[in-house]
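As a plain string of letters, each chain reads:
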2 protein chains.
Amino acid sequence: MTRKSEDAGRSTIRDVAARAGVSASTVSRVLGGVYPVSAATRTRVLRAVREMDYVADARAKAIAGAGTPTLAFVLEDITGPSFAHMAQGVEREAARLGHLCLVCSTDGDVRHELEFIEMMRAQRAAAVILVGGTADTPEYRERTRRIADSLASAGSRLVLCGRPPLGPGAPVTVIEYDNEGGAYALVAHVLTQGHRRVLFLGGRPDHTTAQGRERGYLAAHRARGLDPDPELLLHGDFTRDSGHRLMRQALERGLEFTAVVAATDMVAAGALTALHEAGLDVPGDVSLAGYDDIPFARDLHPALTTVHVPYEELGRLAVRTALGHTADTADEHLLLGTHVVVRGSVAAVGD
Amino acid sequence: MTRKSEDAGRSTIRDVAARAGVSASTVSRVLGGVYPVSAATRTRVLRAVREMDYVADARAKAIAGAGTPTLAFVLEDITGPSFAHMAQGVEREAARLGHLCLVCSTDGDVRHELEFIEMMRAQRAAAVILVGGTADTPEYRERTRRIADSLASAGSRLVLCGRPPLGPGAPVTVIEYDNEGGAYALVAHVLTQGHRRVLFLGGRPDHTTAQGRERGYLAAHRARGLDPDPELLLHGDFTRDSGHRLMRQALERGLEFTAVVAATDMVAAGALTALHEAGLDVPGDVSLAGYDDIPFARDLHPALTTVHVPYEELGRLAVRTALGHTADTADEHLLLGTHVVVRGSVAAVGD
DNA sequence: GTGAAAGCGCTAACAT
DNA sequence: ATGTTAGCGCTTTCAC
C-alpha cells in the first residue's frame with residue numbers, strides 16, 4: 001500500500017503492456033513510430049495508453065539511447081532586455097529543432113556558472129551556450145578551455161556568445177557581435193555632428209563587452225586625430241540605475257561635455273532621466289546615444305540613437321551552429337555585424 | 001574503434017571503478033556522500049574521478065532514484081519585462097532549492113504549451129508553473145484540469161500563476177496578482193484628479209489579465225457613479241507596438257479624453273510616443289498611466305505613474321508553494337496585492 | 001568496508 | 001508481427 005500511494009499513476013511501459021495483453025517491446029514499438037505492428041495490436045495498445053494516461057519516462061529513454069536532446073543556455077541576467085531577446089532566439093530555435101532548453105542565470109557569479117555547467121555536463125547536454133562578456137583573465141581562458149574540452153570529450157559542444165575566444169585549437173564555437181565596430185560607427189556619427197567632448201558611460205572595466213565598446217569609442221576619436229579626455233570615461237555596469245548614478249555624478253562634478261554615449265540603452269535610459277532631472281534638454285543641451293536598440297529605445301524622449309544588435313538572430317545562430325558541429329570541430333569564429341540607428345537624441349553641436 | 005571514437009570521454013562509473021581498482025558500488029558510495037568508506041579507498045576513487053574527469057550521468061541517477069529534481073516554467077514571451085522578472089524569481093528560487101529549471105516560451109500558442117507540458121510530464125518534472133493569462137473558456141478549464149490531474153497522479157504539481165483558477169477540487173496551486181484591484185486603485189487615482197473621459201488601452205478582450213484590469217477600470221468608474229463611454233475602451237495586446245498603434249488610431253478618430261490608462265507599461269510607452277508624435281504634452285495635455293512598474297517606467301518622460309506588481313517575488317513564491325505541497329493537496333489560492341506608484345504622468349485635469 | 005546482484009524504465013538486437 | 005533477452009549507467013539491498 002505504501003508503494004501504491006506513492007507511485008500512484010506512475011505507470012510504466014510494462015503496465016501498459018499488461019493491460020493491452022502484449023509485451024513491453026510491442027508497446028515501445030507502437031509508441032516509437034514506424035516499426036511494423038498489426039493494426040489490431042496498435043489499436044489496443046493505444047487504447048491502453050490513453051486509458052492509463054501513460055507518458056514514457058524521458059530519462060529512461062535518454063539513457064537507453066533514444067530521447068530528446070537537451071541544450072543549455074547560461075546567461076548573466078535574464079532581465080536584461082538584450083539577453084531576453086537572445087534567450088528567445090535560443091528557445092525558439094531549440095524548440096524548432098526538437099531540443100529541450102535549460103536556462104540558467106548566474107547573476108554574474110562565476111561559481112554559479114561553473115556549477116550550472118557541471119550540471120549540464122551531467123545531463124549530457126548536446127550543447128551549452130555561454131552568453132555575455134566576462135573578465136578575460138588567464139584564469140578565465142584556462143577554466144573555460146577545460147570546460148570546452150570536457151564538454152567536447154563528452155560529445156557535446158561549448159558555444160561562446162559575445163564572449164572572448166579562447167585562443168586557437170579550443171573545441172568551441174564563438175559568435176561575437178561587433179562591439180568595437182558598432183561603438184566606432186556610433187561615436188563617429190556623434191563626432192561628425194561636431195561634438196568634441198563626449199562622455200562615455202561604460203560598463204565594468206574588466207568586462208569584455210564593455211571593453212569592446214570602449215575601444216570603439218577611443219578608436220573613433222583617434223581616427224580623427226582626437227584624444228578624448230580620460231576624465232570623460234566613466235565606469236559602472238549595464239543597468240539603468242548605473243546610468244542614472246553615473247550621469248548624476250558627472251553633472252555634480254561639473255564635467256564638461258556636449259554629448260554622452262552610453263554602453264547600453266538601459267544605461268542611456270537612466271542617464272536621460274538624470275539629465276532631465278538636472279533640467280537639461282536632450283538633444284538641445286546635450287546629445288545622447290545608447291547601444292543595443294532595445295524596443296524601448298524608441299519610446300524614450302527623444303527617441304534614442306543607438307546601435308542595433310540582432311540579438312534574437314544571434315540566439316538562433318548560436319543553437320544552429322552548436323548543433324551543426326561534431327565534437328571535434330576545432331574553434332570556429334563568427335562575427336556578426338551591427339549598424340547604427342539614427343533617431344532624435346543626437347543633434348549637431350550648437351544647434 | 002567505432003565505439004571508441006563515438007564514446008570518447010564518456011566514462012562510466014565502471015570505468016572509474018576499474019581504474020581505482022574497486023567496484024562500481026564503491027565508487028557510487030564515495031560519490032554519494034556519507035556512506036562509510038575507508039579513507040584510502042576514497043582517496044583512490046577520488047583521484048580516478050579527477051583524472052578521468054568523470055561526471056555521473058544525471059539521467060541514469062534520476063532513473064535509479066537519486067537525481068536532481070526538475071521544475072518547468074512555461075510563459076508566453078520571455079521578452080516581456082514583467083515575465084522576465086518572474087522568470088528570474090523562479091530561476092533563483094529553483095537554484096536555491098537545488099532544482100533544475102526548464103524554461104519554455106510558447107508565443108501564446110496553445111499547441112506549443114500543450115506539447116511542452118507533455119514533455120515536462122515525460123521528464124517527471126516536480127512541478128510545472130504556467131504563467132500569464134489566457135482565454136478562460138470551458139475548453140481551457142477542462143484541458144488544464146486534465147493536465148493538473150495527470151501531473152498530480154504522476155506525483156508532480158501544476159501551478160497557475162496569474163491564470164484563472166479551475167474551479168474547486170482541482171489539484172493546482174493558483175497564485176494571482178490582483179489585476180482588478182490594482183487597476184481599480186489606479187483609475188480611482190486618475191478620476192480623483194478630475195478626469196472624466198479616460199481612454200483605456202486594453203489587451204486582448206478574451207485574455208484574463210486584460211479582463212481583470214479592464215474590470216478594475218470599469219469598477220472604479222461605477223464606484224463614483226460614472227459610466228465610461230464604451231468608445232474609450234480599446235483592445236490590442238500587451239506590446240509597445242500595440243500601444244503605439246492604438247493611441248494613434250484614437251487620435252485619428254478624434255476621440256476625446258483627458259487621460260489614458262494603458263493595460264501595461266509597455267503599452268503606455270508606445271502610447272506616450274504616439275502622443276508626443278501628435279505634438280501633445282504629457283501630462284499637460286493628457287495624463288497617462290501604465291501597469292506593471294517595470295524599471296523602465298521611471299525613464300519615460302514624464303516618469304510613468306503605474307501599478308507595482310511584485311513579479312520576482314511572485315516567481316519565488318510560485319516555486320516555493322509548488323514544491324511545498326504533496327500531490328494530493330487540493331486547490332489552493334493565493335492573491336498578491338499590488339500598489340500604485342505615483343510619478344509624474346498623471347496631472348489634475350485643467351492644470 | 002566492500003563486492004555481487006538486482007532493478008529503475010526504456011530500447012534494441014535477436015529470435016521466432 | 002511479436003516476444004525474449006540484453007543492456008543503458010546508476011543506486012541499493014544483501015551478503016561477506
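Residues numbered from 1 in each chain as written. Chains lettered and ligands numbered in written order. Predicted model: local features only at pLDDT ≥ 70, side-chain atom pairs only at ≥ 80, totals over all residues. Heavy atoms only, no water.

(A) The overall build of chain A, seen in detail. Within chain A, the regular secondary structure consists of 13 helices and 12 strands. The C-alpha radius of gyration of chain A comes to 26 Å, more than 25% above the 20 Å expected for a compact globule of 351 residues. Projecting the C-alpha coordinates of chain A onto the three principal axes gives extents of approximately 85 × 40 × 40 Å. Looking at chain A as a whole, 53% of its 351 residues are labelled buried. Long-range pairs, those at least 24 residues apart, make up 74% of the contacts in chain A between residues at least 6 apart in sequence. Carbon and sulfur atoms make up 52% of the accessible area of chain A, which totals about 14,400 Å². (Helix = DSSP H or I, 4+ residues; strand = E, 2+ residues; numbered from the N terminus. Rg over C-alpha atoms; globule rule 2.2 N^0.38 Å. Buried < 20%, exposed > 50% of the residue type's maximum accessible area, 1.4 Å probe, protein only. Contact = heavy atoms within 4.5 Å. Areas by Shrake-Rupley, 256 points an atom, 1.4 Å probe, with all protein chains shown as cover.)

(B) Geometry of the relation of the copies chain A and chain B. When chain A is fitted to chain B, the best match, at an RMSD of 0.1 Å, comes from turning it 180° and sliding it 0.0 Å along the axis. On this basis, the relationship between the two copies can be described by a two-fold rotation axis. Both copies share a contact surface, since 98% of the interface residues of chain A are interface residues in chain B too. (Least-squares fit on C-alpha atoms with pLDDT ≥ 70 in both.)

(C) Region of the structure containing the pattern of salt bridges. Tallying each qualifying case throughout the model produces 51 salt bridges over all chains. Residue Arg121(A) is joined to Asp53(B) by a salt bridge in which the shortest nitrogen-to-oxygen separation is 2.9 Å. You can see Arg121(A) sitting in helix 7 (residues 110-122) and its partner Asp53(B) sitting in the loop between helix 4 (39-52) and helix 5 (58-64), one on each of two chains. Classification of Arg121(A) by relative accessible area gives buried; the value is 7%. Ionic pairing is found between Arg111(B) and Glu115(B), a salt bridge with its closest N-O pair at 3.1 Å. Residue Arg111(B) and its partner Glu115(B) are located together in helix 7 (residues 110-122), separated by four residues, close to a single helical turn. A relative accessible area of 58% means that Arg111(B) is categorised as exposed. (Salt bridge = Lys/Arg side-chain N within 4 Å of Asp/Glu carboxyl O.)

(D) The sheet that holds strand 8 (residues 259-262) of chain B, seen in detail. Residues and elements named next belong to chain B. In spatial order, the strands read 7-6-8-9; together these four strands make up an open sheet with parallel pairing. Since the sheet does not close on itself, it has two edges, and those belong to strand 7 (233-235) and strand 9 (287-289), each with one partner. Each adjacent strand pair in this sheet contributes to an overall mean axis angle of 15°, direction not counted. For strand 6 (residues 198-202) and strand 7, the ladder comprises three bridges, and the chain directions are parallel. (Pairing = 2+ DSSP bridges. Axes fitted to C-alpha atoms, helices over the stretch in contact; angles between N-to-C directions.)

(E) Structural detail: the nonpolar core. Counting residues in each nonpolar core, the largest one holds 142 residues, and the members touching the most others are Leu199(A), Leu201(A), Met247(A), Leu199(B), Leu201(B) and Met247(B). With sequence-adjacent residues up to four places away left out, Leu201(B) is seen in contact with Leu234(B), Gly243(B), Leu246(B), Met247(B), Val260(B), Val261(B), Ala262(B), Ala263(B), Val267(B) and Ala271(B). Judged by nonpolar contacts, the second largest core, of 42 residues, contains Ile147(A), Leu151(B), Leu166(B) and Val174(B). (Core = buried A, V, L, I, M, F, W, Y, C linked by side-chain atoms within 4.5 Å.)

(F) Region of interest: the protein's contact with DNA strand D. Lining the immediate surroundings of DNA strand D are 26 residues, of which Ser25(A), Arg29(A), Thr41(A), Ile13(B) and Tyr54(B) lie closest. For DNA strand D, the backbone portion of the atoms within 4 Å of the protein, that is sugar and phosphate, comes to 57%. Breaking the surface near DNA strand D down by element, the ones donating at least two residues are helix 3 (24-32) and helix 5 (58-64) of chain A together with helix 2 (13-20), helix 3 (24-32) and helix 5 of chain B. It is helix 5 of chain B that contributes the most residues to the surface near DNA strand D, four residues altogether. Class assignment of the residues belonging to the surface near DNA strand D gives a composition of 13 nonpolar, eight polar and five charged. (Near = heavy atom within 4 Å. Nonpolar A, V, L, I, M, F, W, Y, C, P; charged D, E, K, R; others polar.)

(G) Representation of the domain arrangement of chain A within the structure. Domain parsing of chain A yields domain 1 (1-54), domain 2 (68-177 + 313-336) and domain 3 (179-309). Between the C-alpha centres of domain 1 of chain A and domain 3 of chain A there is a distance of 63 Å. (Domains from an automatic or database assignment.)

(H) Quick peek at the protein's contact with DNA strand C. Taken together, 26 residues lie around DNA strand C, and Ile13(A), Tyr54(A), Thr26(B), Arg29(B) and Thr41(B) are the ones closest in. The separation between a phosphate oxygen of DNA strand C and a polar side-chain atom of Ser28(A) is 2.8 Å. A distance of 2.3 Å is found between a phosphate oxygen of DNA strand C and a side-chain nitrogen or oxygen belonging to Thr41(B). Mapped by element, the contributors of at least two residues to the surface near DNA strand C are helix 2 (13-20), helix 3 and helix 5 of chain A together with helix 3 and helix 5 of chain B. By residue number, the principal contributor to the surface near DNA strand C is helix 5 of chain A, which donates four residues. Looking at the surface near DNA strand C residue by residue, the class counts come to 13 nonpolar, eight polar and five charged. (Polar contact = N/O pair within 3.5 Å; in protein donor to acceptor, adjacent residues only side chain to side chain.)

(I) Broad picture of the sheet that holds strand 8 (residues 259-262) of chain A. All names here are of chain A. If you walk across this open sheet you meet the four strands as 7-6-8-9, and the pairing is parallel. Here the strands that pair on one side only, and so sit at the sheet edges, are strand 7 (233-235) and strand 9 (287-289). Sheet twist, expressed as the mean angle between neighbouring strand axes with direction ignored, is 15°. Judged from the three bridges that link them, strand 8 and strand 9 form a sheet pairing that is parallel. Within the sheet, the bridge partner assigned to valine 261 lies in strand 9 and is alanine 289. Sitting on the sheet, helix 9 (residues 179-192) is in contact with strand 6 (198-202), strand 8 and strand 9, with an inclination near 175° to strand 8. Against the sheet, helix 11 (residues 240-252) contacts strand 6, strand 7 and strand 8, and its axis sits at roughly 145° relative to strand 6.

(J) Layout of the pairing of strand 2 (residues 100-105) of chain A. All names here are of chain A. Summarising burial for strand 2: six of the six residues are buried, a large majority. Of the two faces of strand 2, both are covered, the one formed by Leu100, Leu102 and Cys104 as well as the one formed by Cys101, Val103 and Ser105. Across six bridges, strand 1 (residues 70-75) lies against strand 2 in parallel orientation. Paired with leucine 71 across the strands is cysteine 101, a residue of strand 2. Handedness of the β-α-β unit built from strand 1, helix 6 (residues 81-96) and strand 2 comes out right-handed. (Right-handed = clockwise from strand over helix to strand, strands pointing away.)

(K) Examining unusual backbone geometry more closely. Here the amide bond leading from His301(A) into Pro302(A) is cis, since omega sits at 5°, within 30 degrees of zero. Considering the arrangement of structural elements, one finds Pro302(A) in the loop between strand 9 and strand 10 (306-308). The omega torsion of the bond from Val282(B) to Pro283(B) falls at 5°, within 30 degrees of zero and hence cis. Here the phi dihedral of Asp53(A) falls at roughly 55°; this positive angle occurs in a residue that is not glycine. We classify Asp53(A) as partly exposed; its relative accessible area is 34%.

(L) Up close: the interface of chain A and chain B. If you look at the interface, chain A gives 55 residues, while chain B gives 54 residues. Of the roughly 5,200 Å² buried where chain A meets chain B, counting both sides, 54% is carbon and sulfur surface. Between the two partners, chain A and chain B, sit 10 salt bridges. Arg92(A) is the partner of Asp107(B) in a salt bridge, and the nearest nitrogen-oxygen pair spans 2.6 Å. Counting across the interface, chain A meets chain B through 18 residue pairs in polar contact (both at pLDDT 80 or more). Listed by contribution, the elements that provide at least two residues to the side of chain A that touches chain B are helix 5, helix 6, strand 2, helix 7, helix 8 (138-153), helix 11 and helix 12 (265-277) of chain A. Split by residue class, the side of chain A that touches chain B holds 25 nonpolar, 15 polar and 15 charged. (Buried area = accessible area lost by both parts, 1.4 Å probe.)

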